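Spelled out, the chains give:
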Amino acid sequence: MTGELGRLIYQQIQAQGPLSVEEYMALCLGHPEWGYYTSRDPFGAAGDFVTAPEISQMFGELIGFWACAVWQSMGAPPRLVLAELGPGRGTLMADALRAAAVVPEFRQAIEVILVETSPTLRRCQRDSLAAIEVTWLDQVMDLPDGPLLLIANEFFDALPIAQFVLRADGWRQRRVGLAGDELGFVDGPILALDAPPAAPGDIFEINPQGRQIASWIGRRLCDQGGAALIIDYGHPFTAIGDTLQAVFRHQPVSVFQEPGAVDLTAHLDFQALADAARPAQATTVVTQGAFLRALGIEIRADRLMKSAPKHANSVASACQRLIEPAGMGNLFKVMGMTHPGLPLPPGFPS
Ligand SMILES: C[S@@+](CC[C@H](N)C(=O)[O-])C[C@H]1O[C@@H](n2cnc3c(N)ncnc32)[C@H](O)[C@@H]1O
């Protein structure tokens, strides 16, 4: 077993028995010393993956305009919490705030709060947002009272999921145990589960922390007003399937490869989040391509290309990457949540 965290997990399983997939994922991503997000900045060509805000400034800018428009539809409250969950390098928020400067009343109204558990990434965020007054929190439930606009891009896919496998005698919890000198999947106890129709061997996933956070957001939006924007890869409706995946240096690898050194994620069940957030209103789930087009990404790209012709090719290819089906356009989906009294936010079809 390679790596400090791999050896620790191996010894823990030897001593106490298998871990649930959720416990395994939580250790790999969030162990205080050797967890994936705790110990590194994983972004960019030299890292493991590239996210939309790192591809182009246009992504964060359009979200900044989206936030201004929703704030206006809320009656322009004089105080507002603008929060981002899992802000990575802080690029999205920096681009959004620069764009939002065109509405000075909005900039004056907002209190910027970043919900981030990684000390390494908090340092990156501090650099990206050096000129801005920012507060950091460990968890969303600690956000201060008031109307809220909340952004989460590729946050929910990084939360630990529970997996279940259908056997002849029913659904069993999927666990991580030992297969000789290596880690491997083993079956846990039988559980009663409310899952869609499935065949033996099928996997069903639940994101318990994601549902808890969505439920908190829903209650908060209903009680104090506001909206949330969730962007991630996933399926619009609850479905059967094994989506747990590991990525290292932009390549898929085994989920048991060097724990803590590779990124582990799972697709989002948007329907489960919308259900958890009720009675907050959820929009239909649209593709990232449709959402960014509706917000005017092609017009923004055109303006950028005209103002800096030297960079026209890179602006055009970044725009295509964000919206085209062959890029991120179809894989990534977008869902809004709002106070039930708010109009449909920009970017979603009526
Ligand atoms: C895939 S990155 C997305 C980064 C960023 N939103 C972007 O688009 O570039 C996931 C982010 O969520 C943070 N994160 C993971 N688990 C978290 C948790 N339980 N609470 C707060 N932040 C978390 C990570 O440290 C990281 O900043």
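Everything quoted here is computed from the prediction, not taken from an experiment.

Reading the values: the criteria
- Residues numbered from 1 in each chain as written.
- Predicted model: local features only at pLDDT ≥ 70, side-chain atom pairs only at ≥ 80, totals over all residues.
- Helix = DSSP H or I, 4+ residues; strand = E, 2+ residues; numbered from the N terminus.
- Rg over C-alpha atoms; globule rule 2.2 N^0.38 Å.
- Buried ≥ 20, exposed ≤ 12 C-beta atoms within 10 Å, placed from the backbone.
- Contact = placed C-beta atoms within 7 Å.
- Axes fitted to C-alpha atoms, helices over the stretch in contact; angles between N-to-C directions.
- Parallel < 35°, antiparallel > 145°, perpendicular 65-115°, else oblique.
- Left-handed = near helix turned anticlockwise from the far one by under 90°.
- Pairing = 2+ DSSP bridges.
- Nonpolar A, V, L, I, M, F, W, Y, C, P; charged D, E, K, R; others polar.
- Expected span 1.5 Å × (residues − 1).

(A) Inspection of the overall build of the protein at higher detail. The helix and strand tally for the protein stands at 13 helices and 17 strands. Over its C-alpha atoms the protein spans a radius of gyration of 21 Å, differing by no more than 12% from the 20 Å that the globule rule assigns to 350 residues. In the protein, which comprises 350 residues, the share counted as buried stands at 45%. Contacts in the protein between residues far apart in sequence, at least 24 positions, make up 75% of those at least 6 positions apart.

(B) Summary view of the packing of helix H5 (residues 57–73) against helix H12 (residues 297–307). Contact geometry of H5 with H12 gives a least axis separation of 11 Å together with a crossing angle of 125°. Relative to H12, the element H5 lies oblique. As for the relative orientation of H5 and H12, their crossing is right-handed in sense. Of the residues in H12, those touching H5 at Met 58, Glu 61 and Leu 62 are Ile 297, Arg 300 and Ala 301.

(C) Structural context of the sheet that holds strand S13 (residues 263–265). Strand order in the open sheet formed by 3 strands is S12-S11-S13, with antiparallel pairing between adjacent strands. The outermost strands of the open sheet, each flanked by one partner alone, are strand S12 (251–253) and S13. With direction set aside, neighbouring strand axes in the sheet form an average angle of 40°. Where strand S11 (residues 245–248) lies against S13, 3 bridges are found, and the strand directions are antiparallel. Residue Val 247 lies in a different strand from S13, and its bridge partner there is Asp 263.

(D) Structural context of unusual backbone geometry. Residue Arg 278 is joined to Pro 279 through a cis peptide bond whose omega torsion reads 10°. Turning to its location among the elements, Pro 279 is positioned in the loop between helix H10 (270–277) and strand S15 (281–282). We note that Arg 249 has phi near 50°; this positive angle belongs to a residue other than glycine. Among the structural elements, Arg 249 can be located in the loop between S11 and S12. Residue classification places Arg 249 among the partly exposed residues on the basis of 13 C-beta atoms within 10 Å. A positive phi is found at His 250, a non-glycine position, where the angle reads about 70°.

(E) Inspection of the environment of Pro 236 at higher detail. Summarising the element assignment, Pro 236 is placed in the loop between strand S10 (226–235) and S11. Pro 236 sits in the partly exposed class, given 16 other C-beta atoms within 10 Å. Taking C-alpha positions, Pro 236 is 27 Å from Val 262, a pair spaced 26 residues apart along the chain. If sequence neighbours within four positions are ignored, Pro 236 has contacts with Phe 270, Gln 271, Val 285 and Lys 333.

(F) Region of interest: the packing of helix H9 (residues 208–224) against H10. Relative to each other, H9 and H10 sit at 40°, their axes nearing to 7 Å. Put simply, H9 runs oblique to H10. The element H9 and its partner H10 pack so that their crossing is right-handed. Across the interface between the two elements, Gly 210, Arg 211, Ala 214, Ser 215, Ile 217 and Gly 218 of H9 pack against Ala 272, Leu 273, Ala 276 and Ala 277 of H10. Class assignment for the residues of the contact of H9 with H10 results in 6 nonpolar, 3 polar and 1 charged.

(G) Focus on helix H2 (residues 21–30). Among the 10 residues of H2, 7 are classified as buried, and the element is accordingly described as predominantly covered. Burial in H2 covers these residues: Val 21, Glu 22, Tyr 24, Met 25, Leu 27, Cys 28 and Leu 29.

(H) View of the pairing of strand S8 (residues 182–190). Examined bridge by bridge, strand S7 (residues 170–179) and S8 share 7 bridges and lie antiparallel to one another. Looking at S8, one finds that Arg 172 is bridged to Ile 190. Taken together, S7 and the strand that follows it, S8, pair antiparallel across an intervening segment of 2 residues, in which Gly 180 is found at a positive phi of about 65°.

(I) Geometry of H5. With 17 residues, H5 should cover 24 Å at 1.5 Å per step; its first-to-last C-alpha distance of 25 Å lies within 8% of that length. Where burial is concerned, most of H5 is hidden: 13 out of the 17 residues are buried. Looking one or two residues beyond H5, the residue adopting positive phi is Gly 75, at roughly 90°.

(J) Broad picture of the environment of Leu 92. Tracing the backbone through its elements, the reader meets Leu 92 in helix H6 (residues 91–100). Residue class for Leu 92 comes out buried when judged on the 26 C-beta atoms lying within 10 Å of it. Sequence-wise, Leu 92 and His 267 are 175 residues apart; in three dimensions their C-alpha atoms are separated by 21 Å.

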